[in-house]
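# Structure assessment
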Amino acid sequence: MTLPALHNTSVLYRRILSQFPQDISLAFAYGSGVFKQHGTSQGQMEKNMLDFVFAVDDPVTWHTMNLLQNRKHYSILKLLGPTVISSIQNDHGASVYYNTLVPVDGRIIKYGVISTDSLIDDLIHWKTMYVAGRLHKPVRLLVQSESRKLRAALVANLKSAVTASFLMLPESFTEEDLFLQIAGLSYAGDFRMVIGEDKSKVANIVKDNIQHFRILYSNILRDCPQVVYKPHQGKLEVDKSPEGQFTQLMALPRTLQQRITKLVDPPGKNRDVEEILLQVAQDPDCGTVVQQGISSIVKSSSMTQSIKGIVTAGLWKTVSYSSKKLMKMWKGGRRKPSVSQMS
């Protein structure tokens, strides 16, 4: 029974992808329509919107072709043409242009378009953590180019998620603790977690997808010199010495390091980044400082991207999409999470 279901699912994705311009360097599907989340039945899952991200080398050319093939997907901004659409995509929010509530092949989908260069920048430096954060969690990869630069950036993003999580966890913890921390990185500081998202979302993502997280992170954990990983017991021990934490802080993405130094360094002092991170490594509140740094990145990008989304989706679709999110949040609030979900 499982294999035909998987086969049918992959055919569905191929059918959907075939309706878009094919010059895509990376395409992936994510979210509750792709991976089962705790408390969601298979029937509900099949009704959920399918979320996609397409990375493209040349956004102007891609939008030109997509406007010819799928003009109805766009809001009134289609009247401004592909160059303006690409400019809105690249220069505002998290450098992603979303078309939402689009009917394709019997499903409702949402797809975001990002330039390959912007994606790589986010994966390596966590400039916005918007797409990088989605790729911290299991996704269904549909297209991936042979680009070594892109492949290396995808791995670097996963390593950064592990490193940041180590700094925010105690010395000993379980696999589930780690995966909950990783899954929650891109929601730290996101205003939509206050208005518009189910409060137990992170726990719901992890609970039924532990094996997918293991597949994503097991090799990184085995090769990491900072941790003792006991996969058969599902337990880990990380180096929490000042030296260990300094090594981890120095390995964090550039934007996060900059946010941490801004939080710690008094205005006008202009100390060296390495000197500031050495100070943070010896601080008992090191993990809290890292958390605050991540929150400041996510808060900024989630707010600006959501404002941009109102323009790119159009008012009617924005109201419709937001009301569905609020309904989901309300239903999630009525389901009282278990102790394991709240940990």
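All chains use their own residue numbering, which begins from 1 and follows the written sequence. Whole-chain, interface and lining totals are the exception, using all residues; otherwise, since this is a predicted model, local features are given only for residues with pLDDT of at least 70 and side-chain atom pairs are given and counted only at 80 or more. Side-chain metrics in this entry use all non-hydrogen atoms of the structure; hydrogen atoms and water are not considered.

Named according to an unreviewed UniProt entry, the protein is Phosphatidate cytidylyltransferase, mitochondrial originating from Maylandia zebra. UniProt positions are given in the numbering used here, feature names are shortened, and annotations may be inferred rather than shown by experiment. Database annotation for the protein, UniProt heading Cofactor (unreviewed entry): "Mg(2+)". The UniProt entry for the protein carries the following comment under Function (unreviewed entry): "Catalyzes the conversion of phosphatidic acid (PA) to CDP-diacylglycerol (CDP-DAG), an essential intermediate in the synthesis of phosphatidylglycerol, cardiolipin and phosphatidylinositol."

Spatial strand order, 3-4-2-1-5: five strands in an open sheet with mixed pairing. Single-partner strands in this sheet number two, and they are strand 3 (96-104) and strand 5 (140-144). Shown here is a sheet whose adjacent strand axes are inclined to one another by a mean of 20°, direction ignored. Here a residue-residue contact requires only that any non-hydrogen atoms of the pair lie within 4.5 Å. Under this scheme, a helix contributes an axis fitted over its contacting stretch, all axes are lines through C-alpha atoms, and angles between N-to-C directions fall in the 0 to 180 degree range. A helix here means a DSSP run of H or I that spans at least four residues, while a strand means a run of E at least two residues long, and both kinds are numbered starting from the N terminus. In the packing of helix 5 (residues 116-125) onto the sheet, contacts are made with strand 1 (26-30), strand 2 (50-56) and strand 4 (107-115), and the angle to strand 4 comes to roughly 85°. Pairing between strands is defined by DSSP: at least two bridges between them are needed.

Residue position: arginine 107 is located in strand 4. Two N or O atoms count as a polar contact when they lie within 3.5 Å, although within protein this holds only if one can serve as hydrogen donor and the other as acceptor, and sequence-adjacent residues are included solely when both atoms are side-chain atoms. Of the polar contacts made by the side chain of arginine 107, one reaches the backbone oxygen of glutamate 46; its length is 3.2 Å. If near-sequence neighbours (up to four positions away) are discounted, arginine 107 is found in contact with Leu12, Gly33, Met45, Glu46, Asn48, Leu50 and Val102.

Our focus in this paragraph is helix 3 (residues 59-69). Exposure categories follow from relative accessible area, calculated using a 1.4 Å probe and restricted to protein chains: below 20% of the type maximum is buried, above 50% is exposed, and the middle band is partly exposed. Those residues of helix 3 that fall on the buried side of the exposure criterion are Pro59, Trp62, His63, Asn66 and Leu67. One side of helix 3 carries all its buried residues, which in axial view fall inside an arc of 135°. In this structure, the buried side of helix 3 is in contact with strand 2, helix 4 (82-91), strand 3 and strand 4. By arc we mean the arc of the directions from the helix axis to the C-beta atoms, nothing more.

Attention shifts here to the nonpolar core. Nonpolar cores are built from buried Ala, Val, Leu, Ile, Met, Phe, Trp, Tyr and Cys residues. Side-chain atoms within 4.5 Å join them into one set. Residues Tyr217, Leu249 and Ile294 are the most contacted members of the largest nonpolar core, which totals 68 residues. Counting residues per element, this core draws most heavily on helix 7 (residues 148-168), which supplies 10 residues. Core analysis: the second largest hydrophobic core is formed by 26 residues, Tyr74, Ile85, Ile109 and Val113 among them.

Reading across from one edge, 6-8-7 is the order of the three strands in this open sheet, with antiparallel pairing throughout. The open sheet has two edge strands, strand 6 (172-174) and strand 7 (227-230), and neither has a second partner. With direction set aside, neighbouring strand axes in the sheet form an average angle of 20°. As defined by bridge partners, strand 7 adjoins strand 8 (residues 235-238) across four bridges and the pair is classed as antiparallel. Counterpart to lysine 230 in the pairing with strand 8 is lysine 235. Strands in contact with helix 8 (residues 175-184) are strand 6, strand 7 and strand 8; relative to strand 6, the strand with the most contacts, it is inclined by about 85°.

This part is about a negative patch on the surface. A surface patch of negative charge is lined by Asp23, Asp57, Asp58 and Asp117. In this fold, aspartate 57 is placed in the loop between strand 2 and helix 3. The class for aspartate 57 is exposed, based on a relative accessible area of 54%. For patch detection, residues must exceed 30% relative accessible area and be free of salt bridges, and they are connected within 9 Å for like charges or within 5 Å for nonpolar side chains (Val, Leu, Ile, Met, Phe, Trp, Tyr). Accessible surface area values rest on a Shrake-Rupley calculation with a 1.4 Å probe, where residue burial reflects the displayed protein chains alone. Salt bridge, as applied in this entry: a Lys or Arg side-chain nitrogen positioned within 4 Å of an Asp or Glu carboxyl oxygen. We score Asp and Glu as negative and Lys and Arg as positive, and we do not count His or the chain ends. Think of each charge as sitting on NZ of Lys, CZ of Arg, CG of Asp or CD of Glu.

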